[in-house]
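Working through the structure, step by step
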Amino acid sequence: MKPLKIIIVLITFIVIQSCVKDVDFDQVDDASIQTSYISTLVYFDLEPIKFLDEYNNEITWTSDFIEAPISTESQDYLERVEFTVITENTYNRDFKIDVVFFDENSAPVYQLKPSINILANSTTTTTIIEIPQNEIDVIYSTKYFGFSILMSKSEDGSVLSGNEDFKLNLKSSVQLFFNFRKI
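In this text, all values refer to a predicted model and were calculated from it rather than measured experimentally. (Residues numbered from 1 in each chain as written. Predicted model: local features only at pLDDT ≥ 70, side-chain atom pairs only at ≥ 80, totals over all residues. Heavy atoms only, no water.)

A word on the overall build of the protein chain
Assigned secondary structure in the protein chain consists of 1 helix and 9 strands. Overall, the protein chain shows an N-to-C arrangement of helices and strands of α-β-β-β-β-β-β-β-β-β. Out of the 183 residues in the protein chain, the part that is buried amounts to 34%. Taking the intrachain contacts of the protein chain between residues at least 6 apart in sequence as the baseline, contacts between residues at least 24 apart amount to 84%. By element, 53% of the accessible surface of the protein chain is carried by carbon and sulfur atoms, the whole surface being about 12,100 Å². (Helix = DSSP H or I, 4+ residues; strand = E, 2+ residues; numbered from the N terminus. Buried < 20%, exposed > 50% of the residue type's maximum accessible area, 1.4 Å probe, protein only. Contact = heavy atoms within 4.5 Å. Areas by Shrake-Rupley, 256 points an atom, 1.4 Å probe, with all protein chains shown as cover.)

A few points about the pairing of strand S5 (residues 108-111)
Bridging between strand S4 (residues 95-102) and S5 involves 3 bridges; their strand directions are antiparallel. Across the sheet, residue Phe 101 finds its bridge partner in S5, namely Tyr 110. In this antiparallel pair of consecutive strands, S4 and S5, the connection spans 5 residues, and Ser 106 shows a positive phi of 65°. (Pairing = 2+ DSSP bridges.)

Description of the nonpolar core
With 39 residues, the main nonpolar core has Val 81, Phe 83, Phe 101, Ile 139 and Phe 145 as its most contacted residues. For this core, the secondary structure elements donating two or more residues are strand S1 (32-46), strand S3 (78-89), S4, strand S6 (116-118), strand S8 (144-151) and strand S9 (168-181). No other element matches the 5 residues that S9 contributes to this core. (Core = buried A, V, L, I, M, F, W, Y, C linked by side-chain atoms within 4.5 Å.)

Quick word on unusual backbone geometry
Residue Pro 114 is bonded to the preceding Lys 113 through a cis peptide linkage, with omega at 0°. As for its position among the elements, Pro 114 is in the loop between S5 and S6. At Ser 106, a position not held by glycine, the phi torsion is positive, near 65°. Counting through the fold element by element, Ser 106 comes out in the loop between S4 and S5.

Regarding the side chain of Asp 103
Looking at where Asp 103 falls in the secondary structure, it is placed in the loop between S4 and S5. One buried charged residue, Asp 103, remains without a salt bridge, the closest side chain of opposite sign being Lys 143 at 11 Å. Looking at Asp 103, its side chain comes within polar contact range of the main-chain nitrogen of Asn 105, at 2.9 Å. Once you skip the residues sitting within four places of it in the chain, Asp 103 turns out to touch Val 109, Ser 141, Lys 143 and Tyr 144. (Lys, Arg positive; Asp, Glu negative; His and termini not counted. Salt bridge = Lys/Arg side-chain N within 4 Å of Asp/Glu carboxyl O. Polar contact = N/O pair within 3.5 Å; in protein donor to acceptor, adjacent residues only side chain to side chain.)

A closer look at the sheet that holds S3
The antiparallel open sheet is built from 4 strands, whose spatial order is S1-S9-S3-S7. The outermost strands of the open sheet, each flanked by one partner alone, are S1 and strand S7 (122-130). Direction aside, neighbouring strands of the sheet carry axes that sit 15° apart on average. Bridge count between S1 and S9: 13 bridges; the pairing is antiparallel. (Axes fitted to C-alpha atoms, helices over the stretch in contact; angles between N-to-C directions.)

Brief notes about the pairing of S8
Every other side chain in a regular strand lies on the same face of the sheet, so the side chains alternate between the two faces. With 6 of 8 residues buried, S8 lies mostly within the body of the structure. Pairing of strand S2 (residues 61-67) with S8, which is carried by 7 bridges, proceeds in the antiparallel orientation. The residue bridging Asp 64 from the neighbouring strand is Phe 147, located in S8. Sheet topology places S4 next to S8; 8 bridges connect them, and they run antiparallel. Bridged to Phe 102 within S8 is Tyr 144.

On their own, these measurements won't tell you what the molecule is for.
Structure below.
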């Protein structure tokens, strides 16, 4: 029985030896971790009352501002920025949305191009706008994102009233793509 145990131990040792390769610990220098971070920006339903002044006169422009949720800690690793805007429009009018970046003094520093055009009576539409690589650093001087919404004039000359059942639904987010690597 002893020779059988010795043979099993020898075979096990040979098998283990043949499965082990030299480990190159210098590979760690070439390692990178790619990840992305998504942050919701704004969500709203714009009803006709939002496009009326205190005297119920139609106004064609409104806006919303939010603080930018971006830190400069990982600036060296940011590779791509994508803005996603999902809209649904039950109005019988077109809309144009501009996204403008503002610094800490509320001065505009960048505008996403192209503007987002929303057709009248449109179903769910997704628009993705990527900031060009050579302009990506502007994200770190941004303190606020501003969304300006412009409603087109009615084709038949009619004006909105507060009791109509129209809605412009807008959801937006920003996705930051990082590649953490040794610099």
